[in-house]
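# Summary of structural features
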Amino acid sequence: MARQTHMKRSYVPLLALLAVLGAGGCERAATGGAPATATPSTSDVSDMPDPAEPTTAPPTEPKPKPPAQTPAGPYRVTYGWAVPSNPAKIRHHVELREPPAPALPYLVRVQVGDHPAADPAYTRITFAFDSAWPTYEIAYQRDLTKDGSGDPVPLPGNSVLRITFTDAQAHDGKGGQTERPGTSLGFPTLKGYGFAGDFEGQVTYGLGIQAKPNSDQAIPIRVGELVRADGTYVVAVDVRRA
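Residues numbered from 1 in each chain as written. Predicted model: local features only at pLDDT ≥ 70, side-chain atom pairs only at ≥ 80, totals over all residues. Heavy atoms only, no water.

Right, let's talk about the nonpolar core for a bit. Of all hydrophobic cores here, the largest spans 34 residues; its most connected members are Phe127, Phe165 and Leu207. Looking at which element gives the most residues to this core, the answer is strand S9 (residues 202-209), with 4 residues. Residues in contact with Phe165, not counting those within four places in the same chain, are Phe127, Phe129, Pro134, Thr135, Tyr136, Gly201, Gln202, Val203 and Val235. (Core = buried A, V, L, I, M, F, W, Y, C linked by side-chain atoms within 4.5 Å. Buried < 20%, exposed > 50% of the residue type's maximum accessible area, 1.4 Å probe, protein only. Helix = DSSP H or I, 4+ residues; strand = E, 2+ residues; numbered from the N terminus. Contact = heavy atoms within 4.5 Å.)

Shown next as structure tokens:
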């Protein structure tokens, strides 16, 4: 019994010594060996890139290209700088279309722009049609009246340039009005424009022109055509600024 007791007591210091040596060895491994790798939490993993994949964002699929537009056509002059004391008529052949499209080219937009730096300087008003150029006639006259009723259309300025489009309309296939504006402008010679009719294939506008007071000198104009990138057919009327 005494021998067994002695052996048990001798084991205690030995176990304590081994525990101390083991702890020291662990410290040396943590400080002098390879750095320990911390295991990230679940939230960290979702924010970290996969080391097997590149850290840059993956390439995105190319966006589809927009549909090609109609190539813009060159501008061409149909009536040079002159005074149309007699009606100037530019003819175009127009084919009728089947419903639901409007039967004739219809007026979709009227725009005005000023060009004071051009040589010669001018103000331009454009009439854009949806499918083709209609035939049109331009002439100076005393006043502007509505087609059919003959009622006067008031315009600023002291002379009127009447523009009549034939084989054209200013309403869509359902009969809705597409473009019938009339407004005053603040330019030196082109003072305003007004709508005078949309009846039986004829659309009429008038330009209010300001010539010199107490003068019989009319303002020269120029007319041209072009096809815009949106596919509209444009008649451009230029009015000299002086």
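The next subject is the sheet that holds strand S8 (residues 190-199). On the basis of which strands lie adjacent, the open sheet formed by 6 strands has the order S2-S5-S6-S9-S8-S7 and antiparallel pairing. Because the sheet does not close on itself, it has two edges, and the strands there are strand S2 (88-90) and strand S7 (183-184). With 7 bridges joining them, strand S5 (residues 135-141) and strand S6 (residues 159-166) adopt antiparallel strand pairing. Along S6, the bridge assignment pairs Ala139 with Arg162. (Pairing = 2+ DSSP bridges.)

Here we come to the pairing of S6. Most of S6 is tucked away: 7 of the 8 residues are buried. In this sheet, S9 lies alongside S6 in antiparallel orientation, the contact comprising 8 bridges. Following the sheet pairing, Thr164 is matched in S9 by Thr204.

Evaluated as defined, the whole model comprises 7 aromatic pairs. Arranged with centres 6.1 Å apart and planes meeting at 55°, the rings of Tyr136 and Phe165 form a pair that is tilted. One end of the pair, Tyr136, is in strand S5; the other, Phe165, is in strand S6, with 29 residues separating them in the sequence. Cluster of aromatic residues (ring-pair linked, three or more members): Phe127, Phe129, Tyr136, Phe165, Phe195 and Tyr205. One cation-aromatic arrangement involves Arg222 over Tyr122; the distance from NZ or CZ to the ring centre is 5.1 Å. (Phe/Tyr/Trp six-rings, centres within 6.5 Å; stacked < 30°, edge-to-face > 60°. Lys NZ or Arg CZ within 6 Å of the ring centre and 35° of its normal.)

The analysis is restricted to geometry; functional conclusions fall outside its scope.
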